[in-house]
Amino acid sequence: MAASGEVSSGQFRTVPLPESQLDFPGEPYSVSVLKVGYCRALTEDTFKADGSITLIQGPTTILVDTGGPWDRDFLLKSLKDRGLEPGDVNLVVGTHGHSDHIGNLGLFPAAKLIVGWDISEGDTYCPSGLAEGHAYCVDEHISVVPCPGHTGQDVSVQVAGTFAGTLLVAGDLFECCSDEDSWRALSMNAEKQEVSRREALRTADVIVPGHGPPFRVTRR
Ligand SMILES: [Fe+2]
């Protein structure tokens, strides 16, 4: 039986990391979780939620999810604390179109945007193979991977070469480390999401979920 907080699913096990571990150095890309997303029930059908916000720094500066509109000042300050202005961000990825993930796209009008399966620069929309199941490669270390299920057009961002291994910024493909009881109720297509989750667990060493701290994946 898995220890508390761990989830064992066939050949994969998800293991919580220390809550303070939000920085994942690497070469050439390092990853920092600027904000840990959360989801807390207030009543039976009301909850407070915000999406994780993640910065990837290396040859390209990438922000994955921007939190909700209420995160505007937090996001600006977090970037400034790292010596960055919004104009320094080259690529903003919205893992899916929910308001707690893409509430601050307007801070980044000059960045390339990937939101779900749409890729745009300014008002120019570019072809993408995401809808056909193909990853969009930023370079040899970073790829944006389609992972539908939570919505119809989710993407994750895979970062190879961190010192913790391959890291996946997964949006709401995973709610949190121990989400086996909750993710299906939030899924538009649980069958597709199950396939996407299995692929993520097969390939990632660390996952940044949409509404909880990063966790590690171990394989038998
Ligand atoms: Fe969502």
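By the naming in an unreviewed UniProt entry, the chain goes by Metallo-beta-lactamase domain-containing protein 1 and is assigned to Channa striata. The Sequence similarities (unreviewed entry) field of the UniProt record for the chain holds the comment "Belongs to the metallo-beta-lactamase superfamily. Glyoxalase II family." Note on the chain: under the UniProt heading Catalytic activity (unreviewed entry), the record states "a ribonucleotidyl-ribonucleotide-RNA + H2O = a 3'-end ribonucleotide-RNA + a 5'-end 5'-phospho-ribonucleoside-RNA + H(+)".

> Help me understand the overall build of the chain, please; the structure alone is not making it clear to me.
Counting its regular elements, the chain contains two helices and 18 strands. A compact globule built from 220 residues should have a C-alpha radius of gyration of about 17 Å, and the chain, at 16 Å, falls within 12% of that. With respect to the principal axes defined by its C-alpha atoms, the chain has extents near 50 × 40 × 35 Å. Scored against the burial criterion, the 220 residues of the chain give a buried share of 47%. If you take every contact in the chain between residues at least 6 apart in sequence, the share linking residues at least 24 apart comes to 55%. Accessible surface, the chain: about 10,400 Å² in total, of which carbon and sulfur atoms supply 51%. Positive and negative charge centroids in the chain, built from 17 and 30 side chains respectively, lie 5 Å apart.

> Just checking my understanding: could you explain the side chain of T95 for this structure?
Topologically, T95 is positioned in the loop between β9 (91-94) and β10 (112-115). Take T95: its relative accessible area is 1%, and that puts it in the buried class. There is a polar contact of 3.1 Å between the side chain of T95 and the side chain of H96. If we ignore the near neighbours within four places in the chain, the residues touching T95 are V64, D65, H101, G116, Q153, D154, V155 and G171.

> Looking at this structure, I do not really get the sheet that holds strand β8 (residues 62-64). What am I missing?
One key point about sheets: their strands pair by backbone hydrogen bonds, in either a parallel or an antiparallel sense. Judged by pairing direction, the sheet is mixed, and its eight strands sit side by side in the order β3-β4-β7-β8-β9-β10-β11-β12 without closing on themselves. With partners counted over all chains shown, the strands left at the sheet margins are β3 (23-24) and β12 (124-126), one partner each. As judged from the four bridges shared by β10 and strand β11 (residues 118-121), these two strands associate in the antiparallel manner. The residue of β11 that forms the bridge with V115 is D118. Contacting β4 (30-35), β7 (53-57) and β8, helix α1 (residues 72-81) crosses the sheet at an angle of about 145 degrees to β4.

> Help me understand the side chain of T166 in this model?
In this fold, T166 is placed in strand β16 (residues 165-171). Taking relative accessible area as the criterion, T166 reaches 18% and is therefore assigned buried. With sequence-adjacent residues up to four places away left out, T166 is seen in contact with Q158, V159, A160, T203, A204, D205 and V206.

> Explain unusual backbone geometry here, please?
Outside of glycine, negative phi angles account for most residues, and trans bonds account for most peptide bonds. Of note, the amide linkage connecting E27 to P28 takes the cis form, showing an omega dihedral of 5 degrees. Considering the arrangement of structural elements, one finds P28 in the loop between β3 and β4. Within the chain, D65 stands out as a residue other than glycine whose phi angle is a positive 65 degrees. According to the relative accessible area criterion, D65 is buried, its value standing at 3%.

> I'm lost on the coordination of the iron ion in this one. Help?
At this site the iron ion is bound by H96 (NE2), H98 (ND1), H150 (NE2) and D172 (OD), with donor distances of 2.3 Å. Coordination at the iron ion is irregular: its four donor atoms span angles of 89 to 177 degrees at the metal. Between the donor residues of the iron ion, the gaps in sequence give the motif H-x1-H-x51-H-x21-D. Placement of the pair is H98 in the loop between β9 and β10 and H150 in the loop between β14 (142-146) and β15 (155-162), with a sequence separation of 52 residues. Under the relative-accessibility criterion, H150 is labelled buried at 5%.

> Would you mind going over the pattern of salt bridges with me for this structure?
Between side chains of opposite charge, a pair can form when the charged atoms approach closely. All told, the structure shown has 12 salt bridges when counted by the stated rule. In this structure, the salt-bridge partner of E180 is R184, at a minimum N-O distance of 3.6 Å. Classification of R184 as partly exposed rests on a relative accessible area of 41%. R197 serves as the salt-bridge partner of E180, at 3.3 Å between the closest nitrogen and oxygen.

What counts, and where the lines are drawn
For every chain, the first residue of its written sequence is number 1, and the numbers climb from 1 along that sequence. Totals for whole chains, interfaces and linings use every residue, but because this is a predicted model, local features are given only for residues with pLDDT of at least 70 and side-chain atom pairs only at 80 or more, for both listing and counting. Calculation of side-chain values draws on the structure's entire complement of heavy atoms; hydrogens and water are dropped beforehand. UniProt positions are given in the numbering used here, feature names are shortened, and annotations may be inferred rather than shown by experiment. The helix and strand labels rest on DSSP assignments: H or I over at least four residues marks a helix, E over at least two residues marks a strand, and numbering proceeds from the N terminus. To get the radius of gyration, use the C-alpha atoms; to get the globule rule, take the number of residues to the power 0.38 and multiply by 2.2 Å. The cut-offs for exposure are 20% and 50% of the maximum accessible area for each residue type, with area from a 1.4 Å probe on protein chains only; residues under the lower value are buried, those over the upper are exposed, and the others partly exposed. Pairs of residues are marked as contacts when any of their non-hydrogen atoms sit within 4.5 Å. Note on areas: Shrake-Rupley with a 1.4 Å probe; residue coverage comes only from the protein chains shown. Note that His is not counted, nor are the chain ends; the positive residues are Lys and Arg, and the negative ones are Asp and Glu. Working definition for charges: the position is that of NZ of Lys, CZ of Arg, CG of Asp or CD of Glu. By the criterion applied in these results, polar contacts are pairs of N or O atoms within 3.5 Å in which, for protein atoms, one can donate a hydrogen and the other can accept it, and in which residues neighboring in sequence qualify only through two side-chain atoms. A pair of strands is labelled paired if DSSP reports no fewer than 2 bridges between them. Axis definition: a line fitted to C-alpha atoms, over the contacting stretch in the case of helices. Angles run 0 to 180 degrees between N-to-C directions. Atoms of type N, O and S within 2.8 Å of a metal are treated as its donors, and for Na, K and Ca the window is 3.2 Å; water is not considered, so some sites may appear to be missing partners. Labels for metal geometry use angle windows, namely 85 to 135 degrees for all angles of a four-donor tetrahedral site, and for square planar (four donors) or octahedral (six donors) sites opposite donors over 155 degrees apart plus all others within 65 to 115; sites meeting none of these are irregular. The term salt bridge refers to a pairing of a side-chain nitrogen on Lys or Arg with a carboxyl oxygen on Asp or Glu at a separation within 4 Å.

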